[in-house]
Protein chains: 2
Amino acid sequence: MDALTNPRAMAGQCRATTDCEHCRVRFLSVCAALDRDELAELEAIAQSIHFDAKETIFLEGEDARALYNVTCGTLRLYRLFDDGRRQIIGFALPGDFLGLDLASSHAFSADAIDAVSACRFSRTSFTALTERKPHLLRRLHSATTRELSAAQDQVMALGRRSAEEKVAWFLIHLRERYARVGDRTTMIALPMSRLDIADFLGLTIETVSRTLTRLARDESIAIDPGGIRLVDVRRIEQLAAA
Amino acid sequence: MDALTNPRAMAGQCRATTDCEHCRVRFLSVCAALDRDELAELEAIAQSIHFDAKETIFLEGEDARALYNVTCGTLRLYRLFDDGRRQIIGFALPGDFLGLDLASSHAFSADAIDAVSACRFSRTSFTALTERKPHLLRRLHSATTRELSAAQDQVMALGRRSAEEKVAWFLIHLRERYARVGDRTTMIALPMSRLDIADFLGLTIETVSRTLTRLARDESIAIDPGGIRLVDVRRIEQLAAA
DNA sequence: CGTTGAGTTGACCATCGTCAACAGGAGTGG
DNA sequence: CCACTCCTGTTGACGATGGTCAACTCAACG
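Residues numbered from 1 in each chain as written. Chains lettered and ligands numbered in written order. Predicted model: local features only at pLDDT ≥ 70, side-chain atom pairs only at ≥ 80, totals over all residues. Heavy atoms only, no water.

Participant: An account of the pattern of salt bridges is requested, with residue identities and associated values reported.
Facilitator: Applying the stated criterion to the full structure yields 38 salt bridges over all chains. The salt bridge partner of Glu21(B) is Arg36(B), with a shortest N-O separation of 3.3 Å. Taken together, the residues Glu21(B) in the loop between α1 (7-11) and α2 (36-45) and Arg36(B) in helix α2 connect sequence positions 15 residues apart. Assessed through its relative accessible area of 60%, Arg36(B) is described here as exposed. Counted as one network, the salt bridges with shared partners bring together Arg76(A), Arg86(A), Asp111(A), Asp196(A) and Asp199(A). (Salt bridge = Lys/Arg side-chain N within 4 Å of Asp/Glu carboxyl O. Helix = DSSP H or I, 4+ residues; strand = E, 2+ residues; numbered from the N terminus. Buried < 20%, exposed > 50% of the residue type's maximum accessible area, 1.4 Å probe, protein only.)

Quick look at the structure:
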């Protein structure tokens, strides 16, 4: 398993740094648009920052003073309803960028699930940089497009599908995302809790738990500490696509 | 009721034109970024086009040869599952832009619900124009951001909410969108069928129908031919936000 | 005047949510 | 080192919400 996606291997390694040129997520992220000189400009306005597990990065509605480029760890992005129900609208992984919209206030809340490191940019400096670098803006636009497509995938997953299909989709979806930063293995790390998964899929924690145990009894998956191993990949993929 | 949102009033008026300067949706749309000369450039590559009700504009996966700016009418945007289930991921209204991502293939299918007029741009010419006009790109980016936020709103609506809450949200959501092009009235035109609403909300046609009749029995709404009238706006808003 | 398609309503049933109990591991304090 | 709590996850019993199947109405259209 790749170091970027293995929670155990990551634990000791989640260190902040602003050495862009040797950054692990450089080619995945918005920064990939920049040449060496431009990268230096970006590095000049970047601050490296670290969050412990369960720390809150920002809250929905707050002034967006900064943008973040995640270099390691996992975050949950969510909104709350008036009555306290929580909907998780995504998990941010290494390479993901928070604040793509350059909006003046945050559209959702974000907190660290495990230890997280990120590059932090002040919104005003970053916005100024996009004024001067059209291809950075272009890159930003294509990243936003990817986000949009991810949101639409989630809509597909939530609309009128069974719990089993949702959970299978979640596993495959996470696997594809890990594949961007590492290998596409059959081992899927789950740094998030069952409650997080439930709030992401519009299910309850009990249904998630039951569905996973049922899939495990079927020998479609195996439940390992810290993650899931896909045993019958084909079957899970079929459920996910159905 | 505003002409742009009244299906009856629109029926005879849905005419194609490329007179940008007098375009009704000019200030709502991506074009608003352009000054007079630039608008002329855009007009030069625009083609006006008309679709009858039920015509397909494009299919998911097809080569995206063109982008469209809707000037009147309503479209449904959707994706199909392998088993034939359909998920509607949005309705396009006047002022909406299809193809914001500038991607080479369509991420979803689109067809006309009622009569639709649009400005059509070849993707290559439009992309070329964005190369020369950074503020057009900027405008494109902010439109994509709005789309993203709309998709996240839909995720909020689909995750673990009751049928009543979903339907109420749909009505309020549609009302807000109509408000962008016209007035925020209590009368909400529903050009789309019950099946369209069901496929948008992840419900069945029967549940949508039952829920609407229940809300009508409560005197929260009134079901008129061609639309819904909000009687107890407060109550519907409460349900929608819950 | 028959056909077709959209919408409504009813009866029944499955899935998933709710409530509750329990297991096991991590952390804490005596 | 053990007992205790706390937290997460699992499992069971039960019930409600919403899906399924079917019948029916009504308007549009030939």
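From this point, the discussion proceeds with the structure in view.
Participant: Can you lay out the protein's contact with DNA strand C for me, pointing to particular residues and giving the numbers?
Facilitator: As a matter of local geometry, DNA strand C sits amid 15 residues, with Ala163(A), Thr207(A), Arg210(A), Ser209(B) and Thr213(B) nearest to it. Near the protein, meaning within 4 Å, the atoms of DNA strand C are sugar or phosphate in a fraction of 62%, with bases accounting for the rest. With respect to DNA strand C, the side chain of Glu206(A) contributes an N or O atom lying 3.1 Å from a base nitrogen. One nitrogen or oxygen atom from the side chain of Arg194(B) is found 2.9 Å from a phosphate oxygen belonging to DNA strand C. (Near = heavy atom within 4 Å. Polar contact = N/O pair within 3.5 Å; in protein donor to acceptor, adjacent residues only side chain to side chain.)

Participant: Can you lay out the protein's contact with DNA strand D for me, pointing to particular residues and giving the numbers?
Facilitator: The immediate surroundings of DNA strand D are formed by 15 residues, with Ser209(A), Arg210(A), Thr213(A), Ala163(B) and Thr207(B) found nearest. Backbone atoms, meaning sugar and phosphate, make up 62% of the atoms of DNA strand D lying within 4 Å of the protein. Between DNA strand D and Thr204(B), the relevant distance is 3.2 Å, taken from a phosphate oxygen to a side-chain nitrogen or oxygen of the residue. In this structure, a base nitrogen belonging to DNA strand D sits 3.0 Å away from a side-chain N or O atom of Glu206(B). Sorting the residues of the surface near DNA strand D by element identifies α7 (205-217) of chain A together with α7 (205-217) of chain B as the ones contributing at least two each. Of the residues forming the surface near DNA strand D, the biggest block, 4 residues, is contributed by α7(A). For the surface near DNA strand D, the class distribution of residues is 2 nonpolar, 7 polar and 6 charged. (Nonpolar A, V, L, I, M, F, W, Y, C, P; charged D, E, K, R; others polar.)

Participant: Let's hear about the relation of the copies chain B and chain A: which residues, and what values?
Facilitator: Take chain B, turn it by 180 degrees, move it 0.0 Å along the axis, and it overlays chain A with an RMSD of 0.0 Å. The superposition operator between the copies reduces to a two-fold rotation axis. Mapped onto chain A, 100% of the interface residues of chain B are again interface residues, and the two copies thus contact each other with one and the same surface. (Least-squares fit on C-alpha atoms with pLDDT ≥ 70 in both. Contact = heavy atoms within 4.5 Å.)

Participant: How would you summarise the side chain of Glu38(B) if you had to cite specific residues and measurements?
Facilitator: Residues and elements named next belong to chain B. With respect to the helices and strands, the residue Glu38 is situated in helix α2. Looking at Glu38, its side chain comes within polar contact range of the side chain of His135, at 3.1 Å. In contact with Glu38, other than residues within four places in its own chain, are Ala33, Lys133 and His135.

Participant: Describe the sheet that holds strand β6 (residues 97-98) of chain B, with residues and values.
Facilitator: All names here are of chain B. Overall, antiparallel pairing links the 4 strands, which are arranged β1-β8-β3-β6 in an open sheet. Only two strands of the sheet have a single neighbouring strand rather than two, namely β1 (46-51) and β6. Of the pairings in the sheet, the one linking strand β3 (residues 66-72) to β6 comprises 2 bridges and is antiparallel in character. Within the sheet, the bridge partner assigned to Asn69 lies in β6 and is Phe97. The strands touched by α2 within the sheet are β1 and β8 (116-122), with β1 carrying the most contacts at an inclination of about 55 degrees. (Pairing = 2+ DSSP bridges. Axes fitted to C-alpha atoms, helices over the stretch in contact; angles between N-to-C directions.)

Participant: Go over the layout of surface pockets, please, and point to the residues and values.
Facilitator: Within this model, the second largest pocket holds a volume of roughly 1,100 Å³. Here the lining of the second largest pocket is composed, by residue class, of 27 nonpolar, 13 polar and 8 charged. (1 Å grid on protein atoms, 1.4 Å probe; cavity = no way out; pocket = protein on both sides within 12 Å on 5 of 7 lines; lining within 4 Å. Points joined across faces, edges and corners; volume = space filled by probe spheres on them.)

Participant: Go over the packing of aromatic side chains, please, and point to the residues and values.
Facilitator: All names here are of chain A. Scanning all chains against the criterion turns up 20 aromatic pairs over all chains. In textbook terms, an aromatic cluster arises when at least three aromatic residues are bridged by ring pairs, as seen for Phe51, Phe58, Tyr68 and Phe108. The lysine or arginine in question, Arg85, covers the ring of Phe81, its NZ or CZ lying 5.3 Å from the ring centre. (Phe/Tyr/Trp six-rings, centres within 6.5 Å; stacked < 30°, edge-to-face > 60°. Lys NZ or Arg CZ within 6 Å of the ring centre and 35° of its normal.)

Participant: Account for the state of the cysteines, with residues named and values stated.
Facilitator: All names here are of chain A. Scanning the model with the defined rule gives 0 disulfides over all chains in all. Unpaired in terms of disulfides, Cys20 finds its nearest cysteine sulfur in Cys119, a separation of 5.6 Å. Overall, the relative accessible area of 9% leaves Cys20 in the buried class. Note on Cys23: no disulfide assigned, nearest cysteine sulfur contributed by Cys119 at a separation of 5.9 Å. Cys23 gets classed as partly exposed once you look at its relative accessible area, which sits at 23%. (Disulfide = S-S within 2.5 Å.)

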